[in-house]
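Residues per chain are reported as follows:
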Amino acid sequence: MGNSNSGRIPPGNGPSAVGCSDFMMDHTIGGTFFRLYYPCVEDEKAEKPDWIPRKEYLYGLADFMQFNRSLSEKIFNYLFGSYKIPAVMNAPYKQNGKYPVIVFSHGLGAFRTLYSAICVELASQGFIVAAVEHRDESASATFFFEKTDETGEKKTTMPKPDPTAPDNLTEKWMYYRALKPGEAEFPLRNKQVKKRGDECIAALDRLIEMNSGKKLENVLQTKFDWTTLENSMDLCRIAVMGHSFGGATVIEALCKEVKFKCGIALDAWMFPLDDEIYVRVKQPVFFINSEKFQWAGNIMRMRKLETSSTSMQRKMITIMGTVHQSFPDFTFLTGCWIGKILKLKGELDPQVGIDLCNKASLAFLQRHLGIEKDFNQWDNLIEGKDVNLIPGTNVKEIS
Ligand SMILES: CCN(CC)CCN(C[C@]12C[C@](c3ccc(C(F)(F)F)cc3)(C1)C2)C(=O)Cn1c(SCc2ccc(F)cc2)nc(=O)c2c1C=CC2
């Protein structure tokens, strides 16, 4: 079916064509699940994957938005159902030396496919990007599997195992968990951010195993040969990146895993983090904020990271004319007026906003991962030197 908006997700600007493939191991809720974006062999005619891979994600999005499921599934399907990701599903990996690695963490109510404009751009510039899907009940929806006999179904009523499901595993969906009335938010979000940090580290561990040539059992039967990733990754050049709740996850992951050499937090939501964590983060951190989302208490937490010794490597910029949703792909997919009403678009052209975010990120990654490319041409963006940027924040801070 057609869609009512002219939007599309922009392709990468870099020299590499981009492929993507999904990986899940093991099949349980405690396993790792991510979409890998990688430089691939050019293949113009190949199929582009759906932006929303399963209708269950739209159910979850409705739950998250506190909309009626069946009505909004139709609306979302009409609005977004036919969009494609500007990458080739399961395209052959293009070996060309070792690529630096980025683990990406999505925001509250999002899931692994919604930041493809950022992930595809980074992969096109020569990064391997693993966009994790969190199982902390913060995602709109996610799925895992149970062994058909694990489902505890009474044998007599056992459902016919789904023939496409991997070897007699039954697909199970987990949906967004809203805060219960009267429930304190911090304990839930703090528990979730810790699980999110662990899931980013577990994803990195899987990538390291793939890089070593270990044959991993991908529960999802993708037509991608994961062993081609042997010796593909530069394990001295690993970063973690995330949006909003995913920005807090960046801080958590940096604190727990020194293999992450630096972090980039896009419009971070700092609330879920323990106060003690700030002094324990030693790596460089780059905060890229929108004009409209931030507030004094949140900025104050970001500033706590600047008091420690490595404050020279702590940077913050604000992209003027952007909103919280200027980072996820939604910002490209609705017409101007829907976009503005739903706060999916700011005043700034979404393409200009995401280009500034991506170029500033590439410059920061070159500087702190020691990459020998020409991303330093955008060093001025790290300092907020651009007509649409300001260094630091527009928020009136607590003195
Ligand atoms: C509704 C009440 N409230 C539930 C807590 C949701 C309030 N909300 C603002 C929203 C997300 C919004 C959105 C999405 C998608 C359409 C659509 F129509 F295009 F589908 C429209 C409107 C609704 C803008 C946020 O939560 C903002 N936010 C986000 S939004 C991440 C996201 C989620 C779903 C997506 F599809 C894309 C991106 N990630 C965070 O980590 C944090 C926050 C706030 C603090 C921490």
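Read on for a plain summary of the structure. (Residues numbered from 1 in each chain as written. Predicted model: local features only at pLDDT ≥ 70, side-chain atom pairs only at ≥ 80, totals over all residues. Heavy atoms only, no water.)

Now for the environment of isoleucine 9. For isoleucine 9, the position within the fold is in the segment before β1 (17-25). By relative accessible area, isoleucine 9 is classed as buried at 4%. Taking C-alpha positions, isoleucine 9 is 20 Å from aspartate 267, a pair spaced 258 residues apart along the chain. Contacts of isoleucine 9, omitting those with residues within four sequence positions, involve Trp51, Lys84, Pro86, Ser116, Ala117, Asp329, Phe332 and Leu333. (Helix = DSSP H or I, 4+ residues; strand = E, 2+ residues; numbered from the N terminus. Buried < 20%, exposed > 50% of the residue type's maximum accessible area, 1.4 Å probe, protein only. Contact = heavy atoms within 4.5 Å.)

Here we take up the side chain of serine 138. Note that serine 138 resides in the loop between β5 (128-132) and β6 (141-147). By relative accessible area, which is 0% here, serine 138 ends up buried. At 2.9 Å, the side chain of serine 138 and the side chain of arginine 196 are in polar contact. Residue contacts for serine 138: discarding those within four places in its chain leaves His106, Gly107, Leu108, Gly109, Ala110, Tyr176, Gln192, Arg196 and Phe245. (Polar contact = N/O pair within 3.5 Å; in protein donor to acceptor, adjacent residues only side chain to side chain.)

Another aspect to go through is helix α2 (residues 69-80). Note on helix geometry: an α-helix contains 3.6 residues per turn, so any two residues three or four positions apart are oriented the same way. Here α2 is 12 residues long and its end C-alpha atoms lie 15 Å apart, about the 16 Å a rise of 1.5 Å per residue gives. Looking at the buried side of α2, the elements it contacts are α1 (55-65), α7 (330-333) and α8 (336-341). (Expected span 1.5 Å × (residues − 1).)

The environment of the ligand is made up of 20 residues, and the closest members are Leu108, Gly109, Ser244, Phe245 and Phe330. Phenylalanine 245 has a polar backbone atom sitting 2.9 Å from an oxygen atom of the ligand. Protein coverage of the free-state accessible area of the ligand, which is 840 Å², stands at 82%. At the level of secondary structure, the elements contributing two or more residues to the shell around the ligand comprise α1 and α2. Per element, the largest residue contribution to the shell around the ligand is three residues, and it comes from α1. (Near = heavy atom within 4 Å. Areas by Shrake-Rupley, 256 points an atom, 1.4 Å probe, with all protein chains shown as cover.)

Turning our attention to the nonpolar core. Ranked by internal contacts, the top residues of the largest apolar core, which has 71 residues, are Tyr37, Trp51, Phe127 and Ile288. Ranked by residue count, the leading element in this core is helix α9 (residues 350-369), at nine residues. For phenylalanine 127, the residues in contact, after removing those within four places along its chain, are Tyr37, Tyr38, Pro39, Tyr99, Pro100, Ile102, Leu122, Leu362, Leu365, Leu369, Ile371 and Phe375. (Core = buried A, V, L, I, M, F, W, Y, C linked by side-chain atoms within 4.5 Å.)

Taken together, the side chains of Trp337, Ile341 and Leu342 define a hydrophobic patch exposed on the protein surface, amounting to about 390 Å² of accessible area. What makes tryptophan 337 exposed here is its relative accessible area of 64%. (Patch = residues over 30% accessible without salt bridge, like charges linked within 9 Å, V, L, I, M, F, W, Y side chains within 5 Å. Salt bridge = Lys/Arg side-chain N within 4 Å of Asp/Glu carboxyl O.)

It is worth spelling out the sheet that holds strand β11 (residues 314-319) at this point. In space, the 10 strands of this open sheet follow the order β3-β1-β2-β5-β4-β8-β9-β10-β11-β12, with mixed pairing throughout. Two strands in the sheet have a free side with no partner beyond their single neighbour: β3 (88-89) and β12 (389-391). Relative to strand β8 (residues 233-243), strand β4 (residues 99-105) runs parallel, the two sharing six bridges. Among the inter-strand pairings, isoleucine 102 is bridged to a residue of β8, identified as alanine 239. (Pairing = 2+ DSSP bridges.)

Per the stated rule, a full pass over the model turns up 26 aromatic pairs. Seen in terms of ring centroids, tyrosine 38 and phenylalanine 224 are 5.0 Å apart; in terms of plane orientation they differ by 35 degrees. Their pairing is tilted. With tyrosine 38 in strand β2 (residues 32-40) and phenylalanine 224 in the loop between α4 (185-211) and β8, this residue pair connects regions lying 186 residues apart in the sequence. With respect to burial, tyrosine 38 and phenylalanine 224 carry one shared label: buried. When the ring of phenylalanine 143 is compared with that of phenylalanine 145, the centres are 5.9 Å apart and the planes differ by 85 degrees; the resulting orientation is edge-to-face. Side by side, phenylalanine 143 and phenylalanine 145 carry an identical accessibility label, which is buried. Among the aromatic side chains, those forming a connected cluster through ring pairs are Phe23, Phe34, Tyr38, Tyr93, Tyr99, Phe224 and Trp226. Residue placement shows arginine 69 over the ring face of tyrosine 175; its charged tip is 4.3 Å from the ring centre. (Phe/Tyr/Trp six-rings, centres within 6.5 Å; stacked < 30°, edge-to-face > 60°. Lys NZ or Arg CZ within 6 Å of the ring centre and 35° of its normal.)

Helix packing geometry: the angle between the two helix axes and the distance between the axes. Where helix α3 (residues 116-124) meets α9, the axes come as close as 11 Å, and the angle between the chain directions of the two elements is 45 degrees. On the basis of their axis angle, the class for α3 and α9 is oblique. Read as a crossing pair, α3 and α9 show a hand that is right-handed. Where α3 abuts α9, its residues Ala117, Ile118, Glu121 and Leu122 lie against Ile354, Asn358, Leu362 and Leu365. For the contact of α3 with α9, a count of residues per class yields six nonpolar, one polar and one charged. (Axes fitted to C-alpha atoms, helices over the stretch in contact; angles between N-to-C directions. Parallel < 35°, antiparallel > 145°, perpendicular 65-115°, else oblique. Left-handed = near helix turned anticlockwise from the far one by under 90°. Nonpolar A, V, L, I, M, F, W, Y, C, P; charged D, E, K, R; others polar.)

Let's shift gears to the pattern of salt bridges. In this structure the tally under the stated criterion is 27 salt bridges. In this structure, arginine 54 and glutamate 171 form a salt bridge, with 2.6 Å as the shortest nitrogen-oxygen distance. Here the residue arginine 54 occupies a position in the loop between β2 and α1, and glutamate 171 occupies one in strand β7 (residues 169-175), the gap between them amounting to 117 residues. By relative accessible area, glutamate 171 is classed as partly exposed at 26%. Linking glutamate 291 and lysine 292 is a salt bridge whose minimum nitrogen-to-oxygen distance equals 3.7 Å. What emerges from the salt-bridge pattern is a single network uniting Asp22, Arg35, Arg112 and Glu133.

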